[in-house]
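Letter by letter, the chains look like this.
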Amino acid sequence: MSEPFEPKIVAFVCTYCTYAGADLAGTSRMKYASNVRMVRLPCTGRISPMFILKALQKGADGVLVSGCHPGDCHFAQGNYHARRRWTVFRALLAFTGIPEQRIRFSWISAAEGAKFADLINTLTEDIRKLGPFDQYHELQKVIETQATY
Amino acid sequence: MAKIGVFVCHCGENIASMVDTANLVAEISEHPGVEICTEYKYFCSEPGQETVKRAIREHNLTGVVVAACSPRMHEQTFRKACAEAGLNPYMLELANIREQCSWVHTEKDEATEKAIEITRSLIEKVKRNNALFPISVPVTRRAMVIGGGIAGIQAALDIANAGREVVLVEREPSIGGHMSQISETFPTLDCSQCILTPRMVETVQHPNITVMTYSEVEEVDGYIGNFTVKVRRKARYVRMETCTGCGDCIQKCPVKKIPSEFECGLGNRSAIYTPFAQAVPNVPVIDRSRCLYFKNGKCAICKKTCQIDSIDFDQQDTIETIEVGAIVVATGFQVQNTSLYGEYGYGRYKDVITGLHFERLASASGPTAGKIRRPSDGKEPETVVFIQCAGSRDVSKGVRYCSKICCMYTAKHAMLYSHKVHDGDTKIFYMDIRAAGKGYDEFTRRAIEEDHAGYVRGRVSKIFEENGKLIVRGVDMLLGRPVEVAADMVVLATAMVPQPDAKDFAKIIGIGYDEYGFFNEAHLKLRPVETATAGIYLAGACQSPKDIPDSVSQASAAAAKILGLFSREHLEREPVIATVSDSTCAGCWGCVTACPYNAIDHRDINDRNGNLIKRVASVNPGLCQGCGTCVSFCRSNSIDLAGFTEKQIFAEVMAL
């Protein structure tokens, strides 16, 4: 493989903090890797673990979940729920064999455009090092050919 | 069949210079369901919007995607355009190919590919959008103000003067709050009673204000525009309707030696009493626990004295149910108990007092008629020591926050003392002088320069009695040496703390509170007057330590918010709220625990004979703010969030 691997990353973000932070990175003309696709939601509390699994199933190599800092949630407590859910979800990830490093959980406020740009760059680099997320797709082939149910 | 119109904006060169828009249009035109895809230099412009509107009409579009800037920028613009063309405004999505694409990338092919994917995924989302309609909630245009201190009075007057009804609930026998206890007010030294009592009278006489004193809020139900409040009117044992406030009963009451709460124990009251002479309403109450009639069935002198037979020993507490549309919480503060500072001897030495005691000593209507007399022997103190931050800014014993008003009132106390005791000596132990406010720093400078307040920077370690003097031992940090002052009286600038029952009250009314018990605002900077519960507002020191000007400002702000709410009969809300599927809801109530707004309740589904079929969760559209936390919490996938449904999000992800 001569060309560097370009990972695909899906980001689930809240509209009040991280989406606004990403907008700020734009209005400030910061430059960052083009590998991330944003899905805008009202709050990180809205983000179901199923979204993350679905993104990985559909070919994402990494997933980002980002919202307001603790205490700053527009909806008062949504991000706390997201944090708790993430703690529980990690155990499920370990069980399913999906490396935890493929999923990043972070807080980015509407004022942190630079932090957003940095995060996207480091995350892209980290996922690039991990390589394509093929395990699931290979597993799917196995299921399709060998499953007996 | 979906007919989606996609409009690719160049934003001048902003998008077009980094995204190959012709390629984008070509790719998107091929996407299933896309009826029309065009590009234009500025879709947000008048002709641009006209193009969108015309396309909606001509092609009977069922959804619109504008690939342009952030939805935070122009979502409203295009929603309006859709509505004008007859398409439901919620059938629109903005694909952000400017802030999150063209502006942040450097390779045109990468940016173009990203723009295509973003647009595609939003086309898939918009195909699954549902038409939504603003939610209309009726508003009861009557407000309740809880707490009759200066903040509550101000809020009530502002709302009432704008022509709306107000119910003011105060748990003490009189309105007035802490301000009525204060002697003079900084930084102007107006007499507190002189500026407050006219307001109190105006409040009680206002045709739009119903004042309920000696009453407490017991239960709050409902939501913005539609609260039902249960208020307990405690029995006064005096008939409000007939009592003229002549005060004969108070004169004749044989039980006289009860320490007065209003005078902070420096003066006495009788068992039937008004808290202070200017009380509003000027109707006494009987203190049941002290009254001889209630103790042993004898006495009843007050009843015999009263010429109009206004004493009623058989009165009972009554509960009143009141419908209101908005609530102002103005329940105020308390002074911190200083007994935790054993080394200062509060409670042990009579002449160690708090700032509030000093206010009563300095007040012309106080127990000493405004003469500074020390509590132990009534002697005029020659040397007075003031200790600032006695509780505030003390991590180990007191509270971490700054009580904000103590620097000012201590300077005021030193001034008042020097005005009344001309050859008296003051020493003020302080950490910092925080005098930020209009005329405040000038005021503290005046205390130092004109009234010779002796400021000593440092803390006091110990106070003990020796030969009738209070020996105050501390340190002067600026000179770097210990100091010892023989004082006749010590005044502690104690911290302002929340009411002792603030947390219980917060639970009754359904608002948040901080680690101390001060009530939480919706946003510290941008929504400092609202609480997270829509329709409930804060005013005064129940939110954080505040002085009078700040309390009054916040009260007026709360009133302005409420008048805005009351300006229409119905309240229009964004329709982005959660909805429950009754058929699949299993009634696990996980959503109820998840909701930060208490917007989810139980609802019974009955058959036509009224037999219960099942209980399901039900979202109150008046309270739901649309965060969607309940949706991802729901185990059976029975709740969905309008505008961000599971279907929409999965479709969006699938298309990426």
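Refer to the preceding data block for the structure.
The rules behind each value
- Residues numbered from 1 in each chain as written.
- Chains lettered and ligands numbered in written order.
- Predicted model: local features only at pLDDT ≥ 70, side-chain atom pairs only at ≥ 80, totals over all residues.
- Pairing = 2+ DSSP bridges.
- Helix = DSSP H or I, 4+ residues; strand = E, 2+ residues; numbered from the N terminus.
- Axes fitted to C-alpha atoms, helices over the stretch in contact; angles between N-to-C directions.
- Parallel < 35°, antiparallel > 145°, perpendicular 65-115°, else oblique.
- Contact = placed C-beta atoms within 7 Å.
- Nonpolar A, V, L, I, M, F, W, Y, C, P; charged D, E, K, R; others polar.

## Let's talk about the sheet that holds strand S24 (residues 460-466) of chain B
Residues and elements named next belong to chain B. If you trace the three strands from one edge of the open sheet to the other, you get S24-S25-S26, paired in antiparallel fashion. If you trace the sheet from one side to the other, it starts and ends with S24 and strand S26 (481-487), each paired once. Ignoring which end each strand starts from, the neighbouring axes of this sheet average 20° apart. Relative to strand S25 (residues 469-476), S24 runs antiparallel, the two being bridged by six bridges. The residue bridging valine 460 from the neighbouring strand is glycine 474, located in S25.

## Some remarks on the packing of helix H1 (residues 18-27) of chain A against helix H4 (residues 113-130) of chain A
Residues and elements named next belong to chain A. Running from N to C, H1 and H4 cross one another at 90°; their axes reach a closest spacing of 7 Å. Judged by the angle between their axes, H1 and H4 are roughly perpendicular. From H1, Thr18, Gly21, Ala22, Leu24 and Ala25 reach across to H4, where they touch Gly113, Phe116 and Ala117. Its residues assigned to classes, the contact of H1 with H4 comprises five nonpolar, three polar and no charged.

## Regarding the interface of chain B and chain A
Every contact between the two is made by 35 residues of chain B and, on the other side, 31 residues of chain A. Contributing elements (two or more residues each) for the side of chain B that touches chain A: helix H4 (98-102), helix H5 (108-127), helix H17 (629-633) and helix H18 (646-654) of chain B. It is H5(B) that contributes the most residues to the side of chain B that touches chain A, six residues altogether.

## Considerations on unusual backbone geometry
Residues and elements named next belong to chain B. Here the residue pair phenylalanine 186 and proline 187 is connected by a cis peptide bond, since its omega of -5° sits within 30 degrees of zero. Examined against the element boundaries, proline 187 turns out to sit in the loop between strand S8 (184-185) and strand S9 (190-191). Cis geometry marks the peptide bond from valine 280 to proline 281; its omega dihedral reads 0°. Secondary-structure assignment places proline 281 in the loop between strand S15 (272-273) and strand S16 (285-286). The backbone of cysteine 389 sits at a positive phi, close to 55°, despite the residue not being glycine. Mapping cysteine 389 onto the fold places it in strand S21 (residues 383-390).

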